[in-house]
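One letter stands for each residue in the lines below.
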Amino acid sequence: MARPKKFKEDVKMYNIALPIKMFERLSKISLQETENGLEHISIADIIRTSIDVYVGVYEQNFDEKGNIRGQS
């Protein structure tokens with residue numbers, strides 16, 4: 001069976017090395033989230049969501065130069 005299309009925009013592939021313990025933790029979360037929902041939640045989905053949250057928080061708190069917003 002083909003993988004479902006999850007992206008509505010162009011993507012860039014990126015390989016990542018994770019410690020086995022982290023992979024196992026993510027695998028457990030993936031299984032729990034899949035069992036609790038109506039669709040499969042992969043480890044890659046969790047990583048992408050986590051990165052999106054991190055970048056959003058970073059952009060709220062830091063300007064384009066990496067300085068904390070609101071400080072001169």
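Residues numbered from 1 in each chain as written. Predicted model: local features only at pLDDT ≥ 70, side-chain atom pairs only at ≥ 80, totals over all residues. Heavy atoms only, no water.

Chemist: Even after reading the chapter, I still don't get a nonpolar patch on the surface, so can you show me in this structure?
Modeler: On the surface, a nonpolar cluster with roughly 400 Å² of combined accessible area is contributed by Ile 51, Tyr 54, Val 55 and Tyr 58. Checked against the element boundaries, Tyr 58 lands in helix α2 (residues 43–61). (Patch = residues over 30% accessible without salt bridge, like charges linked within 9 Å, V, L, I, M, F, W, Y side chains within 5 Å. Areas by Shrake-Rupley, 256 points an atom, 1.4 Å probe, with all protein chains shown as cover. Salt bridge = Lys/Arg side-chain N within 4 Å of Asp/Glu carboxyl O. Helix = DSSP H or I, 4+ residues; strand = E, 2+ residues; numbered from the N terminus.)

Chemist: What is the right way to read α2 from this model?
Modeler: Helical geometry: 3.6 residues make up each α-helical turn, so side chains three or four residues apart lie on a common side. Here α2 contains 19 residues, and its C-alpha end-to-end distance of 27 Å stays within 8% of the 27 Å for a straight helix at 1.5 Å per residue. Residues of α2 that are buried: Ile 43, Asp 45 and Ile 46. One side of α2 carries all its buried residues, which in axial view fall inside an arc of 160 degrees. Opposite the packed face of α2, turned more than 90 degrees from it, sit the exposed residues Asp 52 and Glu 59. As for α2, its buried residues are in contact with α1 (20–36). (Expected span 1.5 Å × (residues − 1). Buried < 20%, exposed > 50% of the residue type's maximum accessible area, 1.4 Å probe, protein only. Arc of directions from axis to C-beta. Contact = heavy atoms within 4.5 Å.)

Chemist: Is there a simple way to think about the packing of aromatic side chains in this case?
Modeler: The relation between two aromatic rings is expressed through the spacing of the ring centres and the mutual angle of the planes. Enumeration over the complete set of coordinates arrives at 2 aromatic pairs. Residues Tyr 54 and Tyr 58 carry aromatic rings whose centres are separated by 6.4 Å and whose planes lie at 25 degrees to one another, so their mutual orientation is stacked. Separated by 4 residues within a single helix, Tyr 54 and Tyr 58 lie in helix α2, roughly one turn from each other. Among the residues examined, Tyr 54 registers a relative accessible area of 57% and is labelled exposed. Ring geometry for Tyr 58 and Phe 62: centres 4.6 Å apart, planes at 20 degrees, overall stacked. With relative accessibility at 26%, the residue Phe 62 sits in the partly exposed group. (Phe/Tyr/Trp six-rings, centres within 6.5 Å; stacked < 30°, edge-to-face > 60°.)

Chemist: Help me understand the pattern of salt bridges in this model?
Modeler: Two side chains of opposite charge can pair, provided their charged atoms sit close to one another. Scanning the entire structure with this criterion turns up 2 salt bridges. Between Asp 45 and Arg 48 there is a salt bridge, with the nearest N and O atoms lying 2.6 Å from each other. Here Asp 45 pairs with Arg 48, and both are found in helix α2, just 3 residues apart, close to one helical turn. Ionic contacts of the salt-bridge type, sharing partners, join the residues Lys 6, Asp 45 and Arg 48 into one network.

Chemist: Before we go on, may I ask you to explain the packing of α1 against α2 in this structure?
Modeler: The axes of two packed helices give the description: the angle between them and the distance between them. The contact between α1 and α2 brings their axes to 9 Å, and the two run at 100 degrees. Of the possible angle classes, the one that applies to α1 and α2 is roughly perpendicular. Of the residues in α2, those touching α1 at Phe 23, Leu 26, Ser 27, Ile 29 and Ser 30 are Ile 43, Ile 46 and Ile 47. Among the residues making up the contact of α1 with α2, the classes are represented as 6 nonpolar, 2 polar and no charged. (Axes fitted to C-alpha atoms, helices over the stretch in contact; angles between N-to-C directions. Parallel < 35°, antiparallel > 145°, perpendicular 65-115°, else oblique. Nonpolar A, V, L, I, M, F, W, Y, C, P; charged D, E, K, R; others polar.)

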